[in-house]
Amino acid sequence: MYRLRFHGRGGQGMKTASRLLGTAFFLAGFEVQDAPRYGAERRGAPIFAYVRASRTPINERGIIRRPDLVIVADETLVSIPAAGVLAGITPRTVLLISSREKNAVWRERLNLAGPVLTLPRAAALTDPHELRFIGAACAGAAARLVGVIPRDCLAQAIREELAHLGEAVVARDLDAALGAYDLMEENAGCVTEVPEPSAATYDKPHWIDLPFDGANLAAPDIFTPASSAQVPTGLWRTVRPVIDHDRCHRCAWICSTLCPDSTITVNAEGYPQIDYEHCKGCLICMTSCPAHAIRAVPEEEAAGDEVVGGGD
Amino acid sequence: MTRRLLTGNAAAAWGARLAGVDYVPAFPITPQTEIIETLAHWTDTGELDCRLVTLESEHSMATAAGAAAATGVRVFTATSSQGLLYAMEMLYTVAGWRAPFVLVNVSRGLSAPITLEPDHNDILAARDSGFLQIHCATCQEVLDSVLLAFRLAEDQRVRLPVIVNMDGFYLSFTREPVEIPNGDKARGFVGTFESGMQKFRASAPVSQAVVVLGGSPYSYFRYEMHLASLNGLMVYDEVADEFARTCGRRHEAVEVFRTEDAEFVFVMIGSFALKAKDAVDRLRDAGVKIGLVRPRLLRPFPEARLREALLGKKGAAVIDQNISLGKGGVLFTELASALYGQKDAPVLTSFIGGLGGRDLAPEEFYEMAAITRQAAESGQAPPPRLLYTEEELREVRKLQAIAQVERGRLGLEDKTR
C-alpha cells in the first residue's frame, strides 16, 4: 500500500491535490482512500491531506503515521511545528518540497536520513493567482514519484475532477501537473511501499492510568483574556495586500469596515494601515478598494521587504 | 452500476437521491453540511425532484421532518453532534408520532470542550428515542444503508424513523470507491411509501400528539414502539436479503469477520472497525485466532445474533468509542447484559478509545488482544482501560503548565493546590 501526505495552507489546493492523485490512482486500477484534515476551515492555516492506494481493499483509516511520501506545497510550513510536516518520517520516506532552493539546501537544512527532493517553481511568481495551480503540480510530481501512474491517468483525473471549473482552468492545471510529472522523470518510482510492522513483534503502547485531577486543573478553561490577539494569524497569509498611498483616496472607512478581521486601522493622516501580524490575506480590501490602490504580493516576495507595509 | 470515489457525505446524498426523496428539511453543521449542499445542488439542477427547505434550527428541522412524513411523503434529513442534541426533544416526539423518515447523523464528539472530530456519544444520546440505528463502517455502507433504512422505517411492522450513522472525517470527508446502484434498480428496491392512514392534510386535521394521563395508555403507546422496534430485527433481515439479491451486496445486522474458528474477538461499531479488521489479519498472520464482531444495527439491539457470534469464544475485547460518564463504555454494558447468565459466554474486556477522533494505533489492537487472552486464561478481566499513552499526558501537562503560568500572571494562583 502507498501512503502519501500533502502539506500546504488552506486555499493552496491540498484537498484538491489529494483528490487528483486519488483519482489518478483509481484510474490506474488501485483501491483508494483520500481525505483532507483540518480544523475550523480557514484560508492560509496549515492543513494536510492524505492518500492511500493499494491493489487490494484498504483496511486502514485516518491519518497516515508513517508516510512513504510527503509533499510540501509551501516551504514556510517546514519550520512551523504545528504543521507536522515531518511527523512520522522514516529514513525511507521521500520528502518533496516545492521551493526555489536547490535539493542540497534542503538536505542540509533538514539533515534527514531519507531522500529530499525539490519541485522547482516553473517561473517567478509575478502573478499571485498562479499559486492556485500549485496543488495540481504537487499531484503531478507525486504521481511520477510513485511511478505506477501513467501520464494519461493523471491527465484524465484532472479533467474529471476539475471539469466544473471550466476548460481554461483545466488547461492550466494540466500544464502544471504534467509539467511537474515530467520534471520528476529522474526520480520516477523512487517511492516504495513498505509493509507495516508485524503483530508478532510490536512495540507495546505506553498506556497509563489517567490520574484524577481537581476540577480547578481539569476543566477546559482559558485564563488569559483577549488571547486571540496573541495568535499571529498573519502567518496564515499566502498573499499580502499592499496599499499604494499615491493612489489611496483616504476613503478608509471602506477597506477598514470590510476587513473581516478588523486588521485595518486609520492613521492620523487618514490613511488606512494594515496590521500584518493578523491580516490573513483574504484580499477583500483589494477587491473593494474603489481607487484600486491595493495590490497583492505573494508573501514569499513581500516577506522581509522593509518598504512594503501599511504605509509608514 | 458505476464505481467511483465518493465521500461518506456524498454517498449519503446519493442514497437520498436514489430513494427519490420528496422533502429535505435542512440545517448546516460540520461535518455534515456537504450532504445538504449536494442535495441542494441536485435540487437546483433538477437532477433531484424534491423540496429542500432550510429551517432555523435542528429542533425545527426534526419537527418538519416528522410533520412531512405524517403527510405521507418520503423525507430525508441530516445532522451531527450538537445539532442532534438540539433536536433531541423532537426526536422522541416524532418517533412517538410513528412518522417514518431517515436521518443521517455524522458523528462528532460533544461539547464541552468543543471538537469537530468523531466519537459516538452524540448518536448514543439518541439511543432510547425510538429511532432505529444503523452504524456504518465504509462509504459504500452509508449509501446502501440509506436505502435499507427507508425500507425499514416505512415498513408497516416498524413505522419508526431510522438514523444512519457515519463517523465525521473518517467517513464524511474521506473518499473511497463506492458503487452507485442503478437508479431504476434502487428505486425498485425502495419502492413507494405506502403511508396508509398517515395522510395528514391541512383540510383534514389530525392530532398526532395526544395527551394521555394515568400511565396506562402511556405505557401502551410506548411499549408498542418498543415492539415495533424489535420487529425491526426481522424486517431488517428481510430487506437486507432483498437488497443482496437486487444490488449484490449483503449487509448483515451484525458483521462477523474471521470469527468461525476464532478464540477471541474484537467487538466495536463504526468506521474504526476497519482498523480492527486489519489488526485481525495481522494477528492471524502472527498465529492469534482472532476475529471481529461488528453490530451494524444498534437499535433494535441484535441480541440473538451477538450471542450466536460470541458464545463459545474465550474472550472478547469490547472497544467503545464513547463514554457514559460515571459508568463506562455503552457497548460493553449492552453486550454484558446480552451475555449475562449465558452458558459459554466469553470473558469481556472493556476499552475506551477514539474519543474525539483520537486515533487507534495497530499496536493498541495487538495489545488489547494480548490483554484479552490473558484475561481468558486467568478468568479475571482487568478494569476498563482508556486508550491513552504517557506521551499524550505529557502533552496535556505541557499545556497545563502554560495555563498555570498565565494564571499566575493574572494573579489567579490556586492556593489549594
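All residue numbers refer to position in the chain's written sequence, counted from 1. Both sets of labels track the order of writing: A upward for chains, 1 upward for ligands. In view of the model being predicted, local features appear only for residues whose pLDDT reaches at least 70, and side-chain atom pairs are presented and counted only at 80 or more, with totals across whole chains, interfaces and linings using the full set of residues. As a rule here, side-chain values cover all heavy atoms of the structure and leave hydrogens and water aside.

Here we take up the overall build of chain A. The secondary structure listing takes helices from DSSP runs of H or I that are at least 4 residues long and strands from runs of E that are at least 2 residues long, numbered from the N terminus. Within chain A, the secondary structure is distributed over 9 helices and 10 strands. By principal-axis analysis of the C-alpha atoms, chain A measures approximately 70 × 60 × 40 Å. Residues classed as buried in chain A amount to 52% of the 312 residues present. For the charge count, each Lys or Arg is scored as positive and each Asp or Glu as negative, with His and the chain ends excluded. Every charge is mapped to an atom, namely NZ of Lys, CZ of Arg, CG of Asp or CD of Glu. On chain A, the mean spot of the 31 positive side-chain charges and the mean spot of the 38 negative ones are 3 Å from each other. In this scheme, a residue with accessible area under 20% of its type's maximum is buried, one over 50% is exposed, and one in between is partly exposed, where area comes from a 1.4 Å probe on protein chains only.

On to a nonpolar patch on the surface, then. Residues and elements named next belong to chain B. Without a salt bridge and with relative accessible area above 30%, a residue can belong to a patch; like charges are then joined within 9 Å and nonpolar side chains (Val, Leu, Ile, Met, Phe, Trp, Tyr) within 5 Å. In this description, accessible areas are obtained by the Shrake-Rupley approach with a 1.4 Å probe, and a residue is regarded as covered only by the protein chains that are shown. Salt bridges are defined by distance alone: a side-chain nitrogen of Lys or Arg within 4 Å of a carboxyl oxygen of Asp or Glu. On the surface, a cluster of nonpolar side chains totalling about 330 Å² of accessible area is made up of V210, Y220 and F221. In this fold, V210 is placed in the loop between α8 (183-190) and α9 (216-247). Note on V210: relative accessible area 54%, which makes it exposed.

All names here are of chain B. A cis amide bond, omega 0°, links S111 with the succeeding residue A112. Among the secondary structure elements, A112 is positioned in the loop between β5 (102-107) and α6 (121-125). With an omega dihedral of -5°, the bond running from A112 to P113 counts as a cis peptide bond. Along the chain, P113 turns up in the loop between β5 and α6.

This paragraph deals with the interface of chain A and chain B. In this assembly, 47 residues from chain A lie in contact with 58 residues from chain B. Summed over both partners, the accessible area lost on bringing two parts together, with a 1.4 Å probe, is the buried area. Between chain A and chain B, a total of about 4,500 Å² is buried, with carbon and sulfur atoms accounting for 54% of that surface. Where chain A touches chain B, the interface holds 10 salt bridges. In this structure, R175 of chain B engages D34 of chain A in a salt bridge whose closest nitrogen and oxygen atoms are separated by 2.8 Å. Two N or O atoms count as a polar contact when they lie within 3.5 Å, although within protein this holds only if one can serve as hydrogen donor and the other as acceptor, and sequence-adjacent residues are included solely when both atoms are side-chain atoms. The interface formed by chain A and chain B includes 20 residue pairs in polar contact (both at pLDDT 80 or more). Broken down by secondary-structure element, the contributors of at least two residues to the side of chain A that touches chain B are α1 (14-27), β2 (31-37) and α6 (215-218) of chain A. For the side of chain A that touches chain B, the leading source of residues is β2 of chain A, giving 7 residues. Residues belonging to the side of chain A that touches chain B are distributed by class as follows: 22 nonpolar, 10 polar and 15 charged. Throughout, a contact is declared for two residues whenever any of their heavy atoms are within 4.5 Å. We call Asp, Glu, Lys and Arg charged. Ala, Val, Leu, Ile, Met, Phe, Trp, Tyr, Cys and Pro are nonpolar, and the rest, Gly among them, are polar.

This part is about the domain arrangement of chain B. Domains assigned within chain B are domain 1 (2-247), domain 2 (255-386) and domain 3 (393-417). The source of the domain bounds is an automatic or database domain assignment. For domain 2 of chain B versus domain 3 of chain B, the separation of C-alpha centres amounts to 38 Å.

Our focus in this paragraph is helix α5 (residues 88-96) of chain B. Residue and element names in this part refer to chain B. Regarding α5, the residues found buried are M88, M90, L91, V94 and A95. The arc that holds the buried residues of α5, viewed along the axis, is 155°, so those residues lie on one side. Turning to α5, the residues buried within the fold contact α3 (58-70), α4 (81-86), β5, α6 and α9. A positive phi of about 60° marks R98, the residue just after α5. Throughout, the arc means the angular range of directions from the helix axis out to the C-beta atoms.

Attention now moves to the sheet that holds strand β11 (residues 290-295) of chain B. All names here are of chain B. An order of β9-β11-β10-β13-β14-β15 is seen for the 6 strands of this open sheet, with the pairing classed as mixed. Sheet topology places β9 (254-257) and β15 (385-386) at the edges, where each strand pairs with a single neighbour. A pair of strands is treated as paired once DSSP finds two or more bridges between them. Direction of pairing for strand β10 (residues 264-267) relative to strand β13 (residues 315-320): parallel, over a ladder of 4 bridges. Along β13, the bridge assignment pairs F266 with A317.

Here the focus is the pairing of β10 of chain B. Residue and element names in this part refer to chain B. Residues of β10 alternate between two faces, with F264 and F266 on one and V265 and V267 on the opposite face, all of them buried. Two elements, β10 and β11, share 4 bridges in a ladder whose sense is parallel. When the bridges of β11 are listed, F264 appears paired with I290. By definition, the crossover connecting two strands over a helix is right-handed if that path, from the first strand to the second, turns clockwise as seen with the strands pointing away from the viewer. In this fold, β10 hands off to helix α10 (residues 273-285), which returns the chain to β11; that crossover is right-handed.

Scanning the model with the defined rule gives 46 salt bridges over all chains in all. One salt bridge connects R65 of chain A with D359 of chain B, and the closest N-O pair in it is separated by 3.2 Å. Placement of the pair is R65 of chain A in the loop between β3 (46-54) and β4 (69-72) and D359 of chain B in the loop between β14 (347-352) and α13 (362-378), with the two residues belonging to separate chains. What makes R65 of chain A partly exposed here is its relative accessible area of 36%. According to the relative accessible area criterion, D359 of chain B is buried, its value standing at 11%.

Now for the packing of aromatic side chains. Two aromatic rings, taken as a pair, are described by how far apart their centres are and by the angle between their planes. Any Phe, Tyr or Trp ring, taking Trp's six-membered ring, that has another such ring centre within 6.5 Å forms a pair; planes under 30 degrees apart are called stacked, those over 60 apart edge-to-face, and the others tilted. Tallied over the entire structure, the rule returns 12 aromatic pairs over all chains. Seen from their ring centres, F169 of chain B and F173 of chain B are 5.0 Å apart, and the 70° between their planes marks the pair as edge-to-face. The pair formed by F169 of chain B and F173 of chain B is uniform in burial state, with each residue classed as buried. Among the aromatic residues, ring-to-ring pairing joins Y2, F25 and F30 of chain A into one connected group. The ring of W42 of chain B has R17 of chain B lying over it, and the distance from NZ or CZ to the ring centre is 4.5 Å. Cation placement over rings: the criterion is NZ of Lys or CZ of Arg within 6 Å of the ring centroid and within 35° of the ring normal. Here the basic side chain of R151 of chain B rests over the ring of F189 of chain B, its NZ or CZ set 5.0 Å away from the ring centre.

Residue and element names in this part refer to chain A. The domains assigned to chain A are domain 1 (2-187) and domain 2 (233-302). Just the C-alpha atoms count here: the centres of domain 1 and domain 2 sit 31 Å apart. At the junction of the two partners, domain 1 supplies 14 residues and domain 2 supplies 9 residues. Between domain 1 and domain 2 the total buried area reaches about 1,000 Å² when both faces are included, carbon and sulfur atoms providing 58% of it.

A separate point is the nonpolar core. All names here are of chain B. To define a nonpolar core, start from buried Ala, Val, Leu, Ile, Met, Phe, Trp, Tyr and Cys residues and group those joined through side-chain atoms within 4.5 Å. Of all hydrophobic cores here, the largest spans 77 residues; its most connected members are V21, I35, L39, F76, L91, V104 and L147. Top element by residues in this core is helix α7 (residues 139-154). It accounts for 10 residues. Setting aside its immediate chain neighbours within four residues, V104 contacts A12, I35, F76, T77, A78, T79, V146, V164 and M166.

What follows is about the packing of α7 of chain B against α9 of chain B. When two helices pack together, you describe them by how their axes are tilted relative to each other and by the distance separating the axes. All names here are of chain B. Remark: α7 packs on α9, axes separated minimally by 10 Å, with the N-to-C direction vectors making an angle of 130°. By the criterion of interaxial angle, the relationship of α7 to α9 is oblique. Here the hand of the crossing between α7 and α9 comes out right-handed. Taking contact as the criterion, the partners of D144, L147, L148, R151 and L152 in α7 are, on α9, G232, V235, Y236, V239, A240, E242 and F243. Across the contact of α7 with α9, the residue classes break down as 8 nonpolar, 1 polar and 3 charged. Every angle, taken between N-to-C directions, lies between 0 and 180 degrees, and every axis is a line fitted to C-alpha atoms, over only the stretch in contact when it is a helix. Note on angle classes: values under 35 degrees are labelled roughly parallel, values over 145 roughly antiparallel, values of 65 to 115 roughly perpendicular, and the remainder oblique. In this scheme the handedness of a crossing depends on how the near helix is turned from the far one: anticlockwise by less than a right angle means left-handed, clockwise means right-handed.

Turning our attention to the sheet that holds strand β12 (residues 297-299) of chain B. Residue and element names in this part refer to chain B. Spatially, the 5 strands line up as an open sheet ordered β4-β5-β7-β6-β12, and their pairing is mixed. Each having just a single partner strand, β4 (76-79) and β12 make up the two edges of the open sheet. Averaged over all adjacent pairs, the angle separating strand axes in this sheet is 25°, with direction ignored.

Along the chain, the position of D173 of chain A falls in helix α5 (residues 167-183). Each residue touching D173 of chain A, except ones within four places of it in the same chain, is listed here: F133, A136, I158 and L162 of chain A.

This paragraph deals with α13 of chain B. All names here are of chain B. Here, expected helix span is obtained from the residue count minus one, scaled by 1.5 Å. The end-to-end C-alpha separation of α13 is 25 Å, in line with the 24 Å expected for 17 residues at 1.5 Å each. Burial in α13 covers these residues: E363, E364, F365, Y366, E367, M368, A369, A370, I371, T372 and A375. Of the surrounding elements, those touching the buried residues of α13 are β10, α10, β11, β13 and β14. Trailing α13 by a residue or two, G379 shows a phi angle of about 75°, which is positive.

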